Amino acid sequence: MIGLGANGSSALWHLAKTGKKVLGIDRFQPPHQRGSSHGESRIIRQAYHESPFYVPLVKAAYPLWAELEAAAGKPLFQKTGGLLLGAADTAVVQGARLSAETHGIPFEWLDATAIRNRFPAFRPTPDTVGVLEKEAGILYPEECIRAFLTQAAAHGAAIHTGEPVLSITPGASHVTLTTPTATYDTATVIIAAGAWLNTLLPELELPLSVRRQPLFWFGNAGRQFHPAAMPIFIWEYEKEKMFYGFPDIGAGVKLAPHHGGRPIAPDDLLQAVSPEEISQIKALAETWLSIDPVFHHAQVCLYTNTPDEHFIIDIHPQHPNIIVASPCSGHGFKFSSFTGKILADLALTGRSAVDLSPFTLDRPALH
């Protein structure tokens, strides 16, 4: 297992539970701030505006998060409900409603008056509507990854951190991995290296775009921003322009733009944000939220995007003992308890009970 972020650590847990001899390797010390799985909170939601295809996957993830939470003995999830906002013809609103109606997810359709009355944290314009689902909420990403790794180790997995993989040499019956300190032979390898995927598999020439995405926390929020009073939200405030946010769970109200970050080499990631970036998100908060925002702190994560913003989960076209995983594009964390199981199944049997055709390496969007 190369890469121990959300999907890699989950796959390691699922594999370790089978009793197989498994090894997980990461170039850093997960959970860390160098990839896509940090920043206190991640949204989990079912009325999935990106595509109804994802709904069964996220539904399958919920009981696995509950299983992990029970094994860890600490909270990993907080239900707040979720509100998808925008004009009635926006992709977020239309897509969320389509997924809810397609899969029978209970939801409420709220107009601007209902939004203001129910959730005073929001300042909708008269044409704003919302899709409200009750089962959405917050996952704690660092705690989830820590739990995956702790439970994997408890089931016998070996975990090597601070050890970058320098080369991958496939053979007919095994794959050889070389790091600065050792050489490993394995029957099968899963590569879930996030922004470093193309570095490890350059022959695939994957059209991945790695972008820095800042996250911001603001103070000076009232009781209307507490989790009991405010759901997580995604707001398409202009066509194809979105920001999202969380209630204050201790460090302030977290807000961030969704996509639109600038390209970056993954090794160049820094946690600093510019005054202009702070001003831009602060202006969104002042316009759309009932807050006089006081900037508290920021972090920066990476989005590893495919051109169609759908996942990659497939077997290497030349080497059936290499599993390629990039369930990313800025919306993958919520699925990772289940996508880790999918990866484990592929490694063990070469197949999955899930239809993975939208995530193949040979789909047109990747060529």
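These lines cover the structure that appears in this document, whether it is placed above or below.

Cut-offs used in this document
- Residues numbered from 1 in each chain as written.
- Predicted model: local features only at pLDDT ≥ 70, side-chain atom pairs only at ≥ 80, totals over all residues.
- Heavy atoms only, no water.
- Axes fitted to C-alpha atoms, helices over the stretch in contact; angles between N-to-C directions.
- Helix = DSSP H or I, 4+ residues; strand = E, 2+ residues; numbered from the N terminus.
- Parallel < 35°, antiparallel > 145°, perpendicular 65-115°, else oblique.
- Left-handed = near helix turned anticlockwise from the far one by under 90°.
- Contact = heavy atoms within 4.5 Å.
- Nonpolar A, V, L, I, M, F, W, Y, C, P; charged D, E, K, R; others polar.
- Expected span 1.5 Å × (residues − 1).
- Buried < 20%, exposed > 50% of the residue type's maximum accessible area, 1.4 Å probe, protein only.
- Arc of directions from axis to C-beta.
- Pairing = 2+ DSSP bridges.
- Salt bridge = Lys/Arg side-chain N within 4 Å of Asp/Glu carboxyl O.

## A look at the packing of helix H1 (residues 6-17) against helix H8 (residues 336-349)
Now for step 1: Closest axis-to-axis distance for the H1/H8 pair is 7 Å, and the angle between their directions is 60°. Relative to H8, the element H1 is oriented oblique. The two elements H1 and H8 meet at a crossing, and its hand is right-handed. Across from Ala-6, Asn-7, Ser-10, Ala-11, His-14 and Leu-15 in H1, the residues of H8 making contact are Ser-336, Ser-337, Thr-339, Gly-340, Lys-341, Leu-343, Ala-344, Ala-347 and Leu-348.
Now for step 2: Residue composition of the contact of H1 with H8, by class: 7 nonpolar, 7 polar and 1 charged.

## Here's the deal with helix H7 (residues 275-288)
Now for step 1: Taking 1.5 Å as the rise per residue, H7 with 14 residues should run 20 Å; its terminal C-alpha atoms sit 20 Å apart, in good agreement.
Now for step 2: Here H7 has its buried residues at Glu-277, Ile-278, Ile-281, Leu-284, Ala-285 and Trp-288. Taken down its axis, H7 places every buried residue within 130° of arc, on the same side. When the buried face of H7 is taken as reference, the exposed residues oriented beyond 90 degrees from it are Pro-275 and Glu-276.
Now for step 3: Those residues of H7 that are buried lie in contact with strand S13 (209-219), strand S14 (232-238), strand S15 (241-246), strand S16 (253-258) and strand S17 (294-305).

## Points about the sheet that holds strand S12 (residues 189-191)
Now for step 1: Read across the sheet, 3 strands follow the order S12-S19-S18 without closing on themselves; strand pairing throughout is mixed. The open sheet terminates on both sides in strands that have one partner only, identified here as S12 and strand S18 (312-315). Strand-to-strand twist in this sheet, taken as the mean axis angle between neighbours without regard to direction, amounts to 15°.
Now for step 2: In the sheet, S18 pairs with strand S19 (residues 322-326) via 4 bridges, with the strands oriented antiparallel. By the bridge assignment, Ile-312 is partnered in S19 with Ser-326.
Now for step 3: Across the sheet, H8 touches S12, S18 and S19, and the angle it forms with S18 is around 10°.

## Notes on the pattern of salt bridges
Now for step 1: Taken as a whole and assessed by the stated rule, the structure comprises 12 salt bridges.
Now for step 2: Ionic pairing is found between Glu-143 and Lys-74, a salt bridge with its closest N-O pair at 3.3 Å. One end of the pair, Glu-143, is in helix H5 (residues 141-154); the other, Lys-74, is in the loop between helix H2 (55-72) and strand S3 (77-79), and 69 residues separate them in sequence.
Now for step 3: For Glu-143, a relative accessible area of 25% translates into the label partly exposed.
Now for step 4: Residue classification places Lys-74 among the partly exposed residues on the basis of a relative accessible area of 37%.
Now for step 5: In this structure, a network of salt bridges that share partners links the residues Lys-74, Glu-143 and Arg-146.

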